[in-house]
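# Structural overview for review
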Amino acid sequence: MSEEENSPVLETCDLDFSYPDIDGRPIPGVPPVVQNMSIRIPRGARCLLLGSNGAGKTTLLKVLGGKHMVPKESITVLGVPPFHNTDLTASGRLSYLGGNWERDIAFAGYSIPMQGDISALQMIESLPGVDPTRRAKIMQVLDVDPDWRMHRVSDGQRRRVQICLGLLKPPEVLLLDEITVDLDVLARADLLDFLKEESEQRGTGIIYATHIFDGLERWPTHIMFLSGGRLKVWSKAEDIPELANDQLLQLAEK
Ligand SMILES: Nc1ncnc2c1ncn2[C@@H]1O[C@H](COP(=O)(O)OP(=O)(O)OP(=O)(O)O)[C@@H](O)[C@H]1O
């Protein structure tokens, strides 16, 4: 099926987004962080989202993930506006994975260590309605030890459990914001293989923002490049010769 025939899992039309001031009002004279963005992500697409620090990648992914309110007509994910349809994220059909799971609880300027002692398995099994075969497979892909005590794990181990939780219910749209940064080389490669399988077998549409290009040349089906909140490049991977030549870093520099 051609890309045109394939109905998109995610679509934006002239999408703008600005962070409000402390009173919730637009800040005069400050351009939107996401500007005039029209994108169409087909089913099964694996989009690599590139751009320098401050280009707007995280903001865009959060808007797409339904975490910021934008006009309903400017965005649809699986046919509905994601901010206004909380069921999309509650059901796991739309999954945004990003940010950090803090070990400490920030409170009024102080940082209090988390005291609760809970195992990785308890966390993972606390999510209802999960297919046990899928759960076992994802735990194996991410090499999660069910006995890890969550208040005593390393950053990478905590990240593996976070990713595991985000994938337990098969997402139809998956937004990944620098989540592989704490993973070791093998864990990252296994996860990327698993995500490729998900997009090919289930049609999951994936957008993956990262600054770590190692081993990614053959992974994406599409490249998105942001600069100053604008989409400067949207291209099929097969149309980008640098990818075939394993020169993703040179492409990003260019
Ligand atoms: N909570 C916020 N309030 C106001 N402005 C913000 C906020 N978060 C980000 N910005 C601004 O939005 C712009 C884009 O930030 P964003 O975090 O989306 O960029 P990014 O491409 O993800 O960067 P990085 O690669 O460093 O993670 C930046 O100029 C930043 O200053």
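Keep in mind that what you see is a predicted model, and the values were worked out from it rather than measured.

Burial along strand β7 (residues 94-97) is two-sided: Leu94 and Tyr96 and Ser95 and Leu97, pointing in opposite directions, are all buried. Across 4 bridges, β7 lies against strand β10 (residues 173-177) in parallel orientation. Paired with Leu94 across the two strands is Val173, which belongs to β10.

Checked against the element boundaries, Ala187 lands in helix α6 (residues 185-202). Looking at Ala187, the number of C-beta atoms within 10 Å reads 20, which means it is buried. Separated by 22 residues in the primary sequence, Ala187 and Ala209 have C-alpha atoms spaced 17 Å apart. Excluding its chain neighbours within four sequence positions, the residues that come into contact with Ala187 are Leu142, Asp143 and Arg160.

Moving on: the sheet that holds strand β5 (residues 46-50). Sheet architecture is open: 6 strands sit in the order β7-β10-β11-β5-β12-β13, paired in mixed fashion. Looking at which strands have only one partner, the edges of the open sheet turn out to be β7 and β13 (230-236). Going from strand to strand, the sheet's axes swing by 15° on average, the running direction of each strand aside. For strand β12 (residues 222-227) and β13, the ladder comprises 6 bridges, and the chain directions are antiparallel. Counted as the bridge partner of His222 is Lys236 from β13. Contacts between helix α1 (residues 57-64) and the sheet are confined to β5, β7, β10, β11 (205-209) and β12, with β10 contributing the most and set at about 155° to the helix.

Attention now moves to the site of the ligand. Neighbouring residues of the ligand: Tyr19, Val33, Gly51, Asn53, Gly54, Ala55, Gly56, Lys57, Thr58 and Thr59. Class assignment of the residues belonging to the shell around the ligand gives a composition of 3 nonpolar, 6 polar and 1 charged.

A separate point is the sheet that holds strand β4 (residues 40-42). In sheet architecture, strand pairing relies on hydrogen bonds along the backbone and comes in two forms, parallel and antiparallel. The 3 strands are arranged β4-β1-β6 in an open sheet whose pairing can be described as antiparallel. Pairing within the sheet leaves two strands with one partner each, and these edge strands are β4 and β6 (75-77). Looking at each pair of strands side by side, their axes are set apart by 10° on average, direction ignored. Here strand β1 (residues 8-12) runs beside β4; their pairing, made up of 3 bridges, is antiparallel. Residue pairing for β4: Pro8 is matched across the bridge by Pro42.

Conventions and cut-offs
Residue positions are given per chain, counted from 1 along the sequence in the order it is written. Local features are withheld for residues below a pLDDT of 70 in this predicted model, meaning they are given only at 70 or higher, and side-chain atom pairs are given and counted only at 80 or more; totals for whole chains, interfaces and linings count all residues. Exposure criterion: with C-beta atoms placed from backbone coordinates, a residue whose C-beta has 20 or more other C-beta atoms within 10 Å is buried, one with 12 or fewer is exposed, and one in between is partly exposed. Per the convention used, a helix needs a DSSP run of H or I reaching at least four residues, while a strand needs a run of E reaching at least two, with both numbered from the N terminus. Two strands are counted as paired when DSSP detects at least two bridges linking them. The contact criterion used here is simple: two residues whose C-beta atoms, placed from the backbone, lie within 7 Å are in contact. Lines fitted to the C-alpha atoms define the axes, with helices restricted to the stretch that makes contact. Angles between their N-to-C directions range from 0 to 180 degrees. The rule is simple: place the C-beta atom from the backbone, and if it lies within 6 Å of a molecule or strand, the residue is near it. Gly counts as polar in this scheme, as do all residues outside two lists: the nonpolar Ala, Val, Leu, Ile, Met, Phe, Trp, Tyr, Cys and Pro, and the charged Asp, Glu, Lys and Arg.

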